[in-house]
Amino acid sequence: MSQTFDVVVIGAGPGGYIAAIRAAQLGLSTACIEGNPYDDPKGEPRLGGTCLNVGCIPSKALLHSSHLYEDANHHFAENGISVKDVSVDPAKMVARKNAIVDKMTGGIQYLFKKNKVTLLKGYGAFVKQEGGLTQVKVTDKAGVETVVSAKNVIIATGSKARHLPSITVDNVVVCDNEGALNFNTVPKKLGVIGAGVIGLELGSVWRRLGAEVTVLEAMPAFLGAADAAIAKEAKKLFEKQGLKFELGVSIGDVKATKKGVTVNYTTAAGEAAKGEFDKLIVSVGRTPNTDGLNLEAVGVKTNERGFIEVNHDCATAVAGIWAIGDVIPGPMLAHKAEDEGVAVAERIVGQKPHIDYNCIPWVIYTSPEIAWVGQTEEALKAAGREIKTGQFPFMANGRALGMGAAEGFVKMIADAKTDEILGVHIIGAGASDLIAEAVVAMEFKAASEDIARICHPHPSMSEVMREAALAVDKRTLNM
């Protein structure tokens, strides 16, 4: 007899493991299937998905380490701190990152035990639907197959790095995000194809550690998804730090050897150019993980880009089968997947949760950080919306000056008539934390005046949020 569960979740990334825990909290018998070992020395499945193993968490660990190194080399002196012979040990830095990953992934196993979630080690694939139940086959690392049944199945298999057909990624010389997290030496010259979130973050890590970094981007505009004012400021600051950008390029032949890689490309002006690098990072987006799921066995459809088709509630057209996170259309963000996982678990038991996708924040963990929520000024104007804006720089903030973090600003956009906040855009230190106030405000349909009238601690970086709100009404107090 196969085991039967109320809920089976396929995938233990941020969306999947959170969905499983919430379902169990709601009293549903729950199992979660995961088979990806990532870099586990024993080949055992590692929980946490791309985010915890080869994405969000390890990249932030390296960003922090490299930031400390940059401070020691370039910013300690201005604080009256003298250091000599500062050196970097990339292998030790990577080992620290790996230890953090081990702790985090092990923590999920503890959470599963605490919440009585059954972990099924292996890869999941659909078998059939019969009698109101969906059968899922689990194949473990030894090839042993087990079939389980569920009243509800949540697909949370995430995404993988998209590779260009003409470029072979070996994760030694030519790397995607996984290989770029594990360099054992600092490359003298590093090429990055793609000026998106991953390319900018990983390019920043190795630039701080001494690499000469060139970023090649196919789009003619830098950070096209961000507000234009933020994108302009970011490019200026990154170039000041030493990152080099070539926008509007067309990538041609890429030739790699054990010693390095040559990238031939055409510039935006139509001229032939060549880049020679010790390492190359390919960061051109991600594609949904649906390979091997055998979706056709139960009639689940994907669109032309490979994403699973769902309605606004994350339900597929097949009763009892749901999908969340990177495997469905929408922003590929871990916190978006988590919210969808919670929402689906609650919908299964008849609750009516709501996700406002306009209030999901975006963050780029460069230095300075970039974060935004809501609409850009350009999008609102294109939609014919009457707006008013306010902007305030960190250079006028005492806390920012004391921290040596006076770069950037907060920009707030509000409806011209109702004053409702429509978007908040930040470039500056701690933007990933500061944006949370804007998210709360927008979820409650706050006006810019609401933020302007709330007491903020002094001195703090959060005062810049308040001043930006005051600026919407042309009444800043500190500039």
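These numbers come from a predicted model, not from an experiment.

Chemist: Can you help me understand the UniProt feature "domain: Pyridine nucleotide-disulphide oxidoreductase dimerisation" (unreviewed entry) in the protein chain in this one?
Modeler: Those places that UniProt annotates as "domain: Pyridine nucleotide-disulphide oxidoreductase dimerisation" (unreviewed entry) correspond, in this numbering, to residues 360–469. Secondary structure content for residues 360–469 is 34% helix and 28% strand, while the C-alpha to C-alpha distance between its ends is 20 Å.

Chemist: Explain the sheet that holds strand S21 (residues 409–415) to me, please; I cannot follow it from the model alone.
Modeler: Paired through backbone hydrogen bonds, the strands of a sheet run either parallel or antiparallel to each other. Sheet architecture is open: five strands sit in the order S18-S19-S22-S21-S20, paired in antiparallel fashion. One side of each edge strand has no neighbouring strand; the edge strands of this open sheet are strand S18 (362–364) and strand S20 (387–393). If you compare each strand with its neighbour and ignore which way they point, the axes differ by 10° on average. Here S18 pairs with strand S19 (residues 369–374) via three bridges, running antiparallel. If you follow Val363 over to S19, its bridge partner there is Ala371.

Chemist: Looking at this structure, how should I read the packing of helix H3 (residues 56–74) against helix H4 (residues 90–115)?
Modeler: For any two helices packed against each other, the geometry comes down to the angle between their axes and how far apart the axes lie. Between H3 and H4, the shortest axis-to-axis distance is 9 Å and the interhelical angle comes to 145°. In this structure, the crossing between H3 and H4 has a hand that is right-handed. Along the contact surface, H3 presents Ile57, Pro58, Ala61, Leu62, His64, Ser65 and Ser66, while H4 presents Met93, Val94, Arg96, Lys97, Ile100, Val101 and Met104. Grouping the amino acids of the contact of H3 with H4 by side-chain chemistry returns nine nonpolar, three polar and two charged.

Chemist: Explain unusual backbone geometry here, please?
Modeler: With the exception of glycine, most residues fall at negative phi, and the peptide bonds are largely trans. Here the residue pair Ser367 and Pro368 is connected by a cis peptide bond, since its omega of 5° sits within 30 degrees of zero. You can see Pro368 is positioned in the loop between S18 and S19. Cis geometry marks the peptide bond from His458 to Pro459, where omega comes out at -5°. Mapping Pro459 onto the fold places it in the loop between helix H12 (448–452) and helix H13 (463–472). Backbone geometry places Leu223, a non-glycine residue, at a positive phi of 45°. For Leu223, the position within the fold is in the loop between strand S10 (212–217) and helix H7 (228–241). Look at Lys474: it is not a glycine, yet its phi comes out positive at around 60°. Its place among the elements puts Lys474 in the segment after H13. Accessibility expressed as a relative area gives 67% for Lys474, which makes it exposed.

Chemist: Any chance you could explain the side chain of Thr30 here in plain terms?
Modeler: Tracing the backbone shows Thr30 in strand S2 (residues 30–34). Judged by relative accessible area, which is 2%, Thr30 ranks as buried. A distance of 2.9 Å separates a polar atom in the side chain of Thr30 from the backbone oxygen of Leu28. Among residues more than four places away in sequence, those in contact with Thr30 are Phe5, Val7, Ala20, Ala23, Ala24, Lys116, Val117 and Thr118.

Chemist: Is there a simple way to explain the domain arrangement of the protein chain in this structure?
Modeler: Note on interface size: it is often stated as the accessible area lost on association of the parts. Split by domain assignment, the protein chain resolves into domain 1 (3–158 + 289–349), domain 2 (162–284) and domain 3 (362–473). Averaged C-alpha coordinates put domain 1 and domain 2 at centres separated by 27 Å. Taken together, the 20 residues of domain 1 in the interface contact 15 residues of domain 2. Roughly 1,400 Å² of surface becomes buried between domain 1 and domain 2 when both sides are summed, with 62% attributable to carbon and sulfur atoms. In this structure, the connection of domain 1 to domain 2 is made through two salt bridges. Put simply, Glu70 and Arg207 hold a salt bridge, and the shortest N to O gap is 2.9 Å. Across the contact surface, domain 1 and domain 2 share seven residue pairs in polar contact (both at pLDDT 80 or more). For the side of domain 1 that touches domain 2, the secondary-structure elements that each account for two or more residues are helix H2 (49–54), H3 and H4. Ranked by residue count, the leading element in the side of domain 1 that touches domain 2 is H3, at nine residues. Looking at the side of domain 1 that touches domain 2 residue by residue, the class counts come to ten nonpolar, six polar and four charged.

Chemist: Looking at this structure, how should I read the sheet that holds strand S13 (residues 261–266)?
Modeler: Strand order across the open sheet formed by three strands is S12-S13-S14, with antiparallel pairing between neighbours. Looking at the sheet topology across the chains shown, the edges are occupied by strand S12 (250–256) and strand S14 (272–277). The average undirected angle you get between the axes of adjacent strands in this sheet is 20°. Sheet topology note: the S12/S13 ladder contains five bridges and is antiparallel. Within S13, the position partnered with Ile251 by the bridge is Tyr265.

Chemist: What is the right way to look at the nonpolar core in this model?
Modeler: Among soluble globular proteins, nonpolar side chains are generally buried collectively. Counting 49 residues, the largest nonpolar core has Val9, Phe112, Phe126, Ile154, Ile155 and Ile308 as the members making the most contacts within it. Counting 38 residues, the second-largest nonpolar core is a separate cluster that includes Leu62, Leu181, Leu200 and Ile370.

Chemist: What is the right way to read helix H11 (residues 431–443) from this model?
Modeler: Residues three or four positions apart in an α-helix share a direction because the helix packs 3.6 residues into each turn. The first and last C-alpha atoms of H11 sit 18 Å apart over 13 residues, in line with the 18 Å expected at 1.5 Å per residue. For H11, the complete set of buried residues consists of Ala431, Ser432, Leu434, Ile435, Ala438, Val439, Ala441 and Met442. Along the axis of H11, the buried positions cluster into a sector of 165°, meaning they face one direction only. At its buried positions, H11 is contacted by S18, S19, strand S22 (421–428), H12 and H13. Downstream of H11 by a residue or two, Lys445 has a phi angle that is positive, lying close to 55°.

Chemist: Teacher, can you tell me more about the packing of aromatic side chains here?
Modeler: Geometrically, a pair of aromatic rings is defined through the distance of the ring centres and the angle of the planes. Using the criterion set out here, one finds four aromatic pairs in the structure. Measuring from centroid to centroid gives 6.4 Å for Phe222 and Phe238, while their planes differ by 80°, and the two rings are edge-to-face. Of this pair, Phe222 sits in the loop between S10 and H7 while Phe238 sits in helix H7; the two residues are 16 residues apart in sequence, bridging distant segments of the chain. Seen from their ring centres, Trp362 and Trp372 are 5.8 Å apart, and the 5° between their planes marks the pair as stacked. Taken together, the positions of Trp362 in strand S18 and Trp372 in strand S19 put the pair ten residues apart, joining distant regions of the chain.

Parameters at a glance
- Residues numbered from 1 in each chain as written.
- Predicted model: local features only at pLDDT ≥ 70, side-chain atom pairs only at ≥ 80, totals over all residues.
- Heavy atoms only, no water.
- UniProt positions renumbered as here; feature names shortened; annotations may be inferred.
- Helix = DSSP H or I, 4+ residues; strand = E, 2+ residues; numbered from the N terminus.
- Pairing = 2+ DSSP bridges.
- Axes fitted to C-alpha atoms, helices over the stretch in contact; angles between N-to-C directions.
- Left-handed = near helix turned anticlockwise from the far one by under 90°.
- Contact = heavy atoms within 4.5 Å.
- Nonpolar A, V, L, I, M, F, W, Y, C, P; charged D, E, K, R; others polar.
- Buried < 20%, exposed > 50% of the residue type's maximum accessible area, 1.4 Å probe, protein only.
- Polar contact = N/O pair within 3.5 Å; in protein donor to acceptor, adjacent residues only side chain to side chain.
- Domains from an automatic or database assignment.
- Buried area = accessible area lost by both parts, 1.4 Å probe.
- Salt bridge = Lys/Arg side-chain N within 4 Å of Asp/Glu carboxyl O.
- Core = buried A, V, L, I, M, F, W, Y, C linked by side-chain atoms within 4.5 Å.
- Expected span 1.5 Å × (residues − 1).
- Arc of directions from axis to C-beta.
- Phe/Tyr/Trp six-rings, centres within 6.5 Å; stacked < 30°, edge-to-face > 60°.

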